[in-house]
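An overview of the molecular structure
Below are the chains, spelled out letter by letter.
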Amino acid sequence: MAVFPERRDVSELEALKALAHPRRQRILRELEASGPATSASLARALTLNTGATSYHLRELARHGFVEDFADPHAHGRERWWRAVQRDLRFPPRSEQSEEIRPVVDELNRLAFAADLEEYRKAQTATEAEEGMDMPYSRGTIHVTPAELGEFFEEYIALLNRYKRAGPLPAEARPVQTRFLAFPASHSGRDDDGDDDGAPESADPGTGEPRTDRP
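The structure reproduced in this document is the subject of the present report. Here the residue numbers are simple positions, counted from 1 along each chain's written sequence. Reporting in this predicted model follows two pLDDT cut-offs: at least 70 for local features of residues, and 80 or more for side-chain atom pairs to be given and counted; totals over whole chains, interfaces and linings ignore these cut-offs and use all residues. Neither water nor hydrogens contribute to the side-chain values; these are computed over all heavy atoms in the structure.

Time to look at the overall build of the protein. From N to C terminus, the protein includes six helices and seven strands. Secondary structure follows DSSP: runs of H or I at least 4 residues long count as helices, runs of E at least 2 residues long count as strands, and numbering of each begins at the N terminus. Reading the helices (α) and strands (β) of the protein from amino to carboxyl end gives β-α-α-β-α-α-β-β-β-α-α-β-β. Burial status across the protein gives 24% buried among its 214 residues. Per-residue and other accessible areas were derived by the Shrake-Rupley procedure at a 1.4 Å probe size, with only the shown protein chains allowed to occlude residues. As displayed, the protein has an accessible area near 15500 Å², and 52% of this comes from carbon and sulfur atoms. Relative accessibility thresholds used throughout: buried, under 20% of the residue-type maximum; exposed, over 50%; partly exposed, between the two (1.4 Å probe, protein chains only).

Below, the structure written as structure tokens:
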């Protein structure tokens, strides 16, 4: 069954600062990928201090990004935590204040750096050699600002189609997905409107644009 998380617009400076902390990003990523955990098990998985991990969990919970819950299988006074499923939206750059912009920039910088490192590790992991390929696509579209917004919402809807609640298939595993869109720096056209670059066509295997001539 598909899961469609409730949308949450995060524009409060303190909440954004909480997400821009590198250890809290690591904790949140681990909970999202591997599921609920205690502060002790998170600390072991991420090689962090247990006391500091508990503090960071409480800070994330204070801003509504994680929550503790009563696990029926908990032993003694174990406290279990899980990521709160939300469709998190940050202020678009055109609406960011002078205070918020550097915080969002740092949040994104840390997230992208972690993504690249995880991608590098996944390329050499044994799991990738056992049937879990890593498809990718690079391309260019020509859209208005409004159309780009529609494109993004359609992507989110597609992503939510593949989120599941309940028992998972035996072969299912967490897969990271990312979306990035930005204006091209050069149109590739002369003043008369003619293309001055090589024609491109999509590689049917990856969607990667390729140059058809040297």
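What follows deals with the sheet that holds strand S2 (residues 37-38). Spatially, S2-S4-S3 is the arrangement adopted by the three strands of the open sheet, whose pairing is antiparallel. Two strands lie at the open edges of the sheet, namely S2 and strand S3 (66-69), each paired on one side alone. Strands qualify as paired when DSSP identifies two bridges or more between them. Relative to strand S4 (residues 80-83), S3 runs antiparallel, the two being bridged by four bridges. If you follow Phe-69 over to S4, its bridge partner there is Trp-80.

Let us now look at the packing of aromatic side chains. Where two aromatic rings form a pair, the distance of their centres and the angle of their planes describe that pair. Side-chain rings of Phe, Tyr and Trp (the six-membered ring for Trp) are treated as a pair once their centres are within 6.5 Å; stacked means planes under 30 degrees apart, edge-to-face means over 60, and tilted covers the remaining angles. Scanning all chains against the criterion turns up three aromatic pairs. Here the aromatic cluster, defined as three or more aromatic residues joined through ring pairs, consists of Phe-151, Phe-152, Tyr-155 and Phe-179. Directly above the ring of Phe-69 sits Arg-82, whose terminal nitrogen or CZ lies 4.2 Å from the centroid. Only lysine NZ and arginine CZ atoms are considered, and such an atom sits over a ring when it is within 6 Å of the ring centre and within 35 degrees of the ring normal.

A few words now on a nonpolar patch on the surface. Within this analysis, patches are made of residues with over 30% relative accessible area and no salt bridge. Like charges are joined at 9 Å or less; nonpolar side chains (Val, Leu, Ile, Met, Phe, Trp, Tyr) at 5 Å or less. When a carboxyl oxygen of Asp or Glu is within 4 Å of a side-chain nitrogen of Lys or Arg, the pair counts as a salt bridge. Taken together, Ile-141, Val-143, Leu-148 and Phe-151 make up a surface patch of nonpolar side chains, about 310 Å² in accessible area. Its location among the elements puts Leu-148 in helix H6 (residues 145-161). By relative accessible area, Leu-148 is classed as partly exposed at 33%.

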